[in-house]
Every structure is written in C-alpha cells, then in structure tokens.
Amino acid sequence: MKNRIIRMRLIPIALAVALCLSACGKAKKTSELPDTVTVEAPLVYSPNDTMPSFMLDSVSWIPLELSDVNGLREISKLTVIDGKIILTDRIQCCIQVYDYPSGKLLYVIDKKGNGPGEYLETAAVTVTPTSVYVIDNYSRAIFRYSLADGSFIEKKPISFIAWDMEAFDDDTFLFTWVGNNPDAPKPALAPDYALWQTDGDFNIKKTFFPVEDGYLERYKQMRYFNRSGSDIIFHLLKYGGYFSLAKDKQPVFYPVEFPNPIPDGMTVRLADLENKSWQYLSETPFVSKDFATVEITVGNQGWQLFAGEGKIFENSKNWARNIPIDIVGVTDDNRFIGYINDNYDMYSQLVEYGFQKGDETVENLLRQGGCCLIVYQMKAE
C-alpha cells in the first residue's frame, strides 16, 4: 500500500533536457537583493513530521460541465474571481470559464489563428475583475478579452517576451523571463531582469532581480506566478525561497530551509540531481492566508505538500486522506484547488486509501473522461 500511495504523489519533473540551477556559480544571497524585505522566520521542511489534523477542514468536489468544445488536456493555470473559475489549457491554447462553485460552463476563449482577436499561443494568462489577458510571444502582443462573456476587446504590442504574467489590476502587470536552455541564445527581446512591472500599455516601469549572463532556470516550468488574495507569489530556484509581491510595496522574501539543501556555490544541471538527496523548492508555492502548498523535490521525485505554522509537512505514507492532488490554484476564501482529469482509476485508488469520495455526478463524469476539481478547505486559525 505504501508504494502505491507514493506513486500517486509523484509529480513529473523534466530531466531529459539540459537544465541549470545556477550556471554562473554561487546563487545570490538574500542580503544582496536590493529593496527586498526578508522575513525572520523561514519556512522549514521537516521530512518526519506528518501533517496534523488541525490544518485541513474538508475536501469537496466540483464536476466541470462537459461540452463539445471543452475537452481538457492539462490545466496550466486556474484563477477564481468574482464567482468564476478561469482555466488555462496551454496545450490546447484555450481558456475555459466556469461558474464557481457549480462548475457550469459559461464560455470558452478558443481564438487560435491569425485573424482579428486571434492569438498563436497562450504563453501565459492573467485575469482581473474586468478582463482576461493572454500573452502571445509569437505575435509580440497581449490580447484582452472581456471576463463577462469572453468577447475580444483589444490587442496591444509589447517590446519584450515573457514566460509568465500576472496583474494587480488593469493598470499594473508583472512579467518574468529567465533562460532555460543552455544551447539557445538569449532572445533580443528578453530583458536583463528576472522580474519587471509595467503599466496598462505594457511599458516597463520597474525592474527587479538582475539576471547574470548564462544563468538558467528549470526547463518548461509551468508557472512562475501564483495569486494569493491581492498579492502575487513569485519563485526562482536561485533564491532558495519565494517572494510575495504587493502593489506599490517592496517585495517580501520568504526563505525555505531544508535539512539537506543544494550546497552553496554549486554549478549544477538539474539532471545531475537525479541520484542526489539534496532537497529544494521546485515550483512556485500556492499561498492562502495561514497555509501553503509547496512542491519539494529530492533527486528526481517531487511531492506537493501542505505547509502551516512555519513548517512543511509530509503526507501520510499509509493514508491518502490529506494528499494534495495536482493543486493548480487558490481562492480568496482559504481554499486550495486541485483536479483529476480523465482518470477514474486514479480516483478509485485514492478513495480506496481514504480520500474523500465524490457523489454520483463526480464519479460518472470521471468515468466519461471528464474533469473534476478538488477543493481543500483549510481550518481557520
């Protein structure tokens, strides 16, 4: 039973392509980050501490309505805002919008092409109370659609490329781009900073965290930004923690401490870590009030784990009840959202080992190859 549960918890990690944690030697210390506040109490990973019962209140399901146009391949980003669930499927280049919490399909933005209002890729998507924004690096533009009904509003050119984007509002945006392929030259449109802020016309107004020549990040990282209420969470491997960003305020850095971290000064490709026991934060955390979900990687295995009270807790080795399953978003009412897509066998195995059972609608949808969201309600402190 133990081995079966562990297999369900593993998160795929791209190891086949040449990747770097730091291609230029020693990573920057937090004391070298200008205009950044560092919290005094780090988040600590304690591998032997199982998550206590006080953290998780309940687990529930949201079955997503099926239609002829909304087959999901993979949820690359999820945002809940003003009673709507906005899902990005980067593989299919579409955005699907549902009612929250019923799961009723409201509309789909599926505009791939070269015509008016059409994009060539959805490199990243962000949402405000008025709009859905899509960055298309091929077109060197950002497309804006109405959040109310998905109708096209406008297209604006940009002078940069970016892997990910987030918005404080319709007038203030954050972007990031960091090289992740040692064999590819740096694009001419790539800024010399890992993070920059723009206005509503996408003119660069502020820059953060200079990037040295040759520095590389993980290949195909899914997301660099996550939402946490009105704040934005940002993560790069080189800093050994994550940042919380608020509009018109200094970035706040949250260190993460491991019993066996990657040694300082290492110049190491991620593929070289496969047979090592070093631990590191490998994705941007999801943060909701007093709790978080983080992805911790050891060697070539990664786990999503819950964190609270300054500690990162292991999942139970024999009880699947508290396992976070593919967390992809967080709401502003202290809930994390994961999902199971087209995998009834995985659902059945989870239920067999203690996970919250869904109702008949959930089970029938998963049998049909549909997608169900998993809502984790954390306990208020």
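Here's the deal with helix H3 (residues 360-367)
- Those residues of H3 that fall on the buried side of the exposure criterion are Val362, Glu363, Leu365 and Leu366. Summarising the axial view, the buried residues of H3 lie within an arc of 165°, below the 170-degree limit, and thus occupy one face.
- Close packing links the buried residues of H3 with strand S3 (56-63), strand S26 (335-341), helix H2 (344-352) and strand S27 (371-378).
- Capping the start of H3 is the job of one residue whose side-chain oxygen sits 3.1 Å from the backbone nitrogen of Thr361: Asp359.
- Remark: Gly369 follows H3 within two positions and exhibits a positive phi of approximately 90°.

Describing the side chain of Lys84
- Tracing the backbone through its elements, the reader meets Lys84 in strand S5 (residues 84-89).
- Of the side chains with opposite charge, Asp82 lies nearest to the buried Lys84, which makes no salt bridge, at 6.7 Å.
- Those residues within four positions of Lys84 in sequence are excluded, and the remaining contacts are Thr79, Val97, Tyr98, Tyr100, Leu106, Leu147 and Ala148.

With respect to the sheet that holds S5
- Strand order in the open sheet formed by four strands is S4-S5-S6-S7, and the pairing between neighbours is antiparallel. Only two strands of the sheet have a single neighbouring strand rather than two, namely strand S4 (77-81) and strand S7 (105-109). Between one strand axis and the next, the sheet turns through 15° on average, direction left out of account.

Brief notes about H2
- All buried positions along H2 are accounted for by Met346, Tyr347, Gln349 and Leu350. End-on, the buried residues of H2 take up no more than an arc of 165°, which puts them together on one face. Away from its buried face, by an angle of more than 90 degrees, H2 presents the exposed residues Asp345 and Glu352.
- Looking one or two places after H2, you find Gly354, whose phi comes out positive at around 105°.

What about the confidence of the model for the protein chain?
- Counting all residues, the mean pLDDT for the protein chain is 86, and 87% of those residues have values of 70 or more.
- In this model, residues 1-31 is a region of pLDDT below 50 whose contacts with residues beyond four sequence positions or in other chains number 94 contacts.

Here's the deal with the pattern of salt bridges
- Applying the stated rule across the entire model yields 14 salt bridges.
- Here Lys156 ties to Glu154 by a salt bridge, and the two come within 3.9 Å at their closest N and O atoms.
- Residue Lys156 is classed as buried on the basis of its relative accessible area of 18%.
- What you see here is one network of salt bridges that share partners, running through Arg144, Glu154, Lys156, Asp170 and Asp201.

Here's the deal with the sheet that holds strand S15 (residues 204-210)
- Judged by pairing direction, the sheet is antiparallel, and its four strands sit side by side in the order S12-S13-S14-S15 without closing on themselves. The open sheet has two edge strands, strand S12 (164-169) and S15, and neither has a second partner. Ignoring which end each strand starts from, the neighbouring axes of this sheet average 20° apart.
- As paired elements, S12 and strand S13 (residues 172-176) share five bridges and run antiparallel to each other.

Digging into the side chain of Arg223
- With respect to the element layout, Arg223 can be found in the loop between S15 and strand S16 (225-228).
- Put simply, Arg223 is tucked away with no salt bridge, and the nearest opposite charge, on Glu283, sits 5.1 Å away.
- A polar contact is formed between the side chain of Arg223 and the backbone oxygen of Ser76, at a distance of 3.0 Å.
- Dropping the residues within four chain positions of it, Arg223 is found in contact with Ile75, Ser76, Asp164, Glu283, Thr284, Phe286, Ile327 and Val328.

Side note on the packing of aromatic side chains
- Counting across every chain of the model gives 28 aromatic pairs.
- Here Phe355 and Tyr376 contribute two aromatic rings whose centre-to-centre distance is 6.4 Å and whose plane-to-plane angle is 65°, an arrangement assigned as edge-to-face. Here Phe355 is found in the loop between H2 and H3, whereas its partner Tyr376 is found in strand S27, with 21 residues between them in sequence. Summarising the burial analysis for this pair, Phe355 and Tyr376 share the class buried.
- Through successive ring pairs, a cluster of aromatic residues spans Trp61, Phe306, Phe336, Tyr344, Tyr347, Phe355 and Tyr376.

Notes on the environment of Gly71
- By the element assignment, Gly71 lies in the loop between S3 and S4.
- Relative accessible area serves as the criterion here: at 45%, Gly71 is assigned to the partly exposed category.
- Separated by 21 residues in the primary sequence, Gly71 and Gln92 have C-alpha atoms spaced 9.1 Å apart.
- Among residues more than four places away in sequence, those in contact with Gly71 are Asp89, Gln92 and Gln96.

A closer look at unusual backbone geometry
- Looking along the chain, the bond that leaves Tyr100 and enters Pro101 is cis, with omega of 15°.
- When you line up the elements, Pro101 lands in the loop between strand S6 (94-99) and S7.
- A positive phi angle is found at Asp248, which is not glycine, with a value near 65°.
- For Asp248, the location among the structural elements is in the loop between strand S18 (241-245) and strand S19 (252-257).
- Residue Asp248 is classed as exposed on the basis of its relative accessible area of 58%.

Observations regarding the environment of Met51
- Residue position: Met51 is located in the loop between strand S2 (43-50) and S3.
- In this structure Met51 comes out as buried when scored by relative accessible area, which is 9%.
- Taking the C-alpha atoms as reference points, Met51 and Ser316, separated by 265 residues in sequence, lie 7.4 Å from one another.
- The contact partners of Met51, leaving out residues within four places of it in the chain, are Leu56, Phe306, Phe313, Glu314 and Asn322.

Basis of the calculations
Positions within a chain are numbered from 1, following the residues in the order the chain's sequence is written. The model is predicted, so local features are restricted to residues of pLDDT at least 70 and side-chain atom pairs to those at 80 or more, both for listing and for counting; the totals for chains, interfaces and linings are taken over all residues. Neither water nor hydrogens contribute to the side-chain values; these are computed over all heavy atoms in the structure. Think of it in three bands: residues with accessible area under 20% of the maximum for their type are buried, residues over 50% are exposed, and the middle band is partly exposed, with areas taken using a 1.4 Å probe on protein chains only. In this text, helices come from DSSP runs of H or I with a minimum length of four residues, and strands from runs of E with a minimum of two, each type numbered from the N-terminal end. To obtain the arc, one takes the directions from the helix axis to the C-beta atoms. Every residue pair with non-hydrogen atoms within 4.5 Å of one another is taken to be in contact. Residues adjacent in sequence count toward polar contacts only when both atoms are side-chain atoms; beyond that, a polar contact is any pair of N or O atoms within 3.5 Å, and within protein one must be able to donate a hydrogen and the other to accept it. Under this rule, positive means Lys or Arg and negative means Asp or Glu; His and the chain ends count for nothing. What counts as a salt bridge is simple: a side-chain nitrogen of Lys or Arg found within 4 Å of a carboxyl oxygen of Asp or Glu. Whether two strands pair comes down to DSSP finding at least two bridges between them. Here an axis means a line fitted to C-alpha atoms, over the contact stretch when the element is a helix, while the angle between two N-to-C directions is reported on a 0 to 180 degree scale. Per-residue confidence from the predictor is given as pLDDT, running between 0 and 100. Under the pairing criterion, centres of Phe, Tyr and Trp rings, with the six-membered ring standing for Trp, must be within 6.5 Å; the plane angle then separates stacked pairs below 30 degrees from edge-to-face pairs above 60, leaving the rest tilted.

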